[in-house]
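Chain and residue survey
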Amino acid sequence: MSSSSAAPRRDGKAEAVAGGKPPMREALVAAAFRLFVERGYERTTVDDIVALAGVGRRSFFRYFPSKEDVVFPDHERCLADMTAFLAASSQGDEPVRRVCDAARLVLRMYAENPAFSVQRYRLTTQVPGLRAYELSVVWRYERALAAYLRGRFAGQPDGTLRADVIAAAVVAAHNNALRSWLRSGAQGDAATAVDHALGLVQSAFGPPAGAIGPGEPGPGEPDDVMVVVSRRGAPLWRVVQEIETALGRP
């Protein structure tokens, strides 16, 4: 969830239109990153980008509110996808697993175009302003996850605290694995690394394996209720034996 050469698309290729030219948005991203590599981020202006792309300033700001936004062209879409994914959840969805699955949407965005993702990662590590911008993007992802969890944990003791802690843990685990993959130059399987990291979050905060549904008391808890049916007139020792059998005692 850290924040991905150019003209990124889901298949990692530049989408062509009539005449073989990429759409304007992708052309602007391509021009921007070419100049960032050649001149450096700070020395590249919006006027430089639009001149290389062959469009006007108005066209640039139609797609990107600022120069920083051209570095992160896909995060608004990804955040919208995550919000929709969480909104489509049902009460039957285990909440910790659900937010981990939502985080995987961010990984998918990076994996769509590994070359662009690595290039952007290297750029953000070199430019403090971009790093700060990236952190603001990460915070928005975390808030989306926390908002969903707050709704699921509403009314529970420390529900808000638990929601915020789990959301922060999901983001931290996802970013740790993602950044390791980016630092390696996108070598190896990013999904496997992220799955492992998120698995730690699920182990720490999710229900234990074999647990019954969320919100239901487990065996032996004060609210646990057991019903034993026995024949009328059965001797007391038989009733006690049936109770012990139901409790799993030898």
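How each quantity is defined
Residues numbered from 1 in each chain as written. Predicted model: local features only at pLDDT ≥ 70, side-chain atom pairs only at ≥ 80, totals over all residues. Heavy atoms only, no water. Helix = DSSP H or I, 4+ residues; strand = E, 2+ residues; numbered from the N terminus. Buried < 20%, exposed > 50% of the residue type's maximum accessible area, 1.4 Å probe, protein only. Contact = heavy atoms within 4.5 Å. UniProt positions renumbered as here; feature names shortened; annotations may be inferred. Salt bridge = Lys/Arg side-chain N within 4 Å of Asp/Glu carboxyl O.

Per an unreviewed UniProt entry, the protein chain goes by the name TetR family transcriptional regulator and belongs to Streptomyces leeuwenhoekii.

1. A look at the environment of L200
Tracing the sequence through the fold places L200 in helix α10 (residues 190-205). Using a relative accessible area of 53% as the deciding quantity, one classes L200 as exposed. In the structure, L200 is positioned 27 residues away from A173 in sequence and 8.1 Å away in space, judged by C-alpha atoms.

2. Some thoughts on the environment of L105
Within the fold, L105 resides in helix α6 (residues 95-112). Spatially, the C-alpha atoms of L105 and F85 are 9.2 Å apart, while their sequence positions differ by 20 residues. Setting aside residues no more than four positions away along its own chain, L105 makes contact with C78, D81, M82 and F85.

3. Some details on unusual backbone geometry
At D158, a position not held by glycine, the phi torsion is positive, near 55 degrees. The phi angle at A186 is positive, at roughly 65 degrees, despite the residue not being glycine. The residue A186 is located in the loop between α9 (159-183) and α10 in this model.

4. Description of the UniProt feature "DNA-binding region" (unreviewed entry) in the protein chain
Sequence positions flagged by UniProt for "DNA-binding region" (unreviewed entry) are, in local numbering, residues 45-64. For residues 45-64, helix accounts for 75% and strand for 0%, while the C-alpha atoms at its two ends are 13 Å apart.

5. Details of the pattern of salt bridges
According to the stated counting rule, one finds 13 salt bridges in the structure shown. One salt bridge connects R77 with D81, and the closest N-O pair in it is separated by 3.7 Å. Separated by 4 residues within a single helix, R77 and D81 lie in helix α5 (residues 75-87), roughly one turn from each other. A residue is classified by how much of its surface remains accessible, and D81, at 29% relative accessible area, is partly exposed. With its nearest N and O atoms 4.0 Å apart, the salt bridge here joins D93 to R98. You can call R98 buried: its relative accessible area is 14%.

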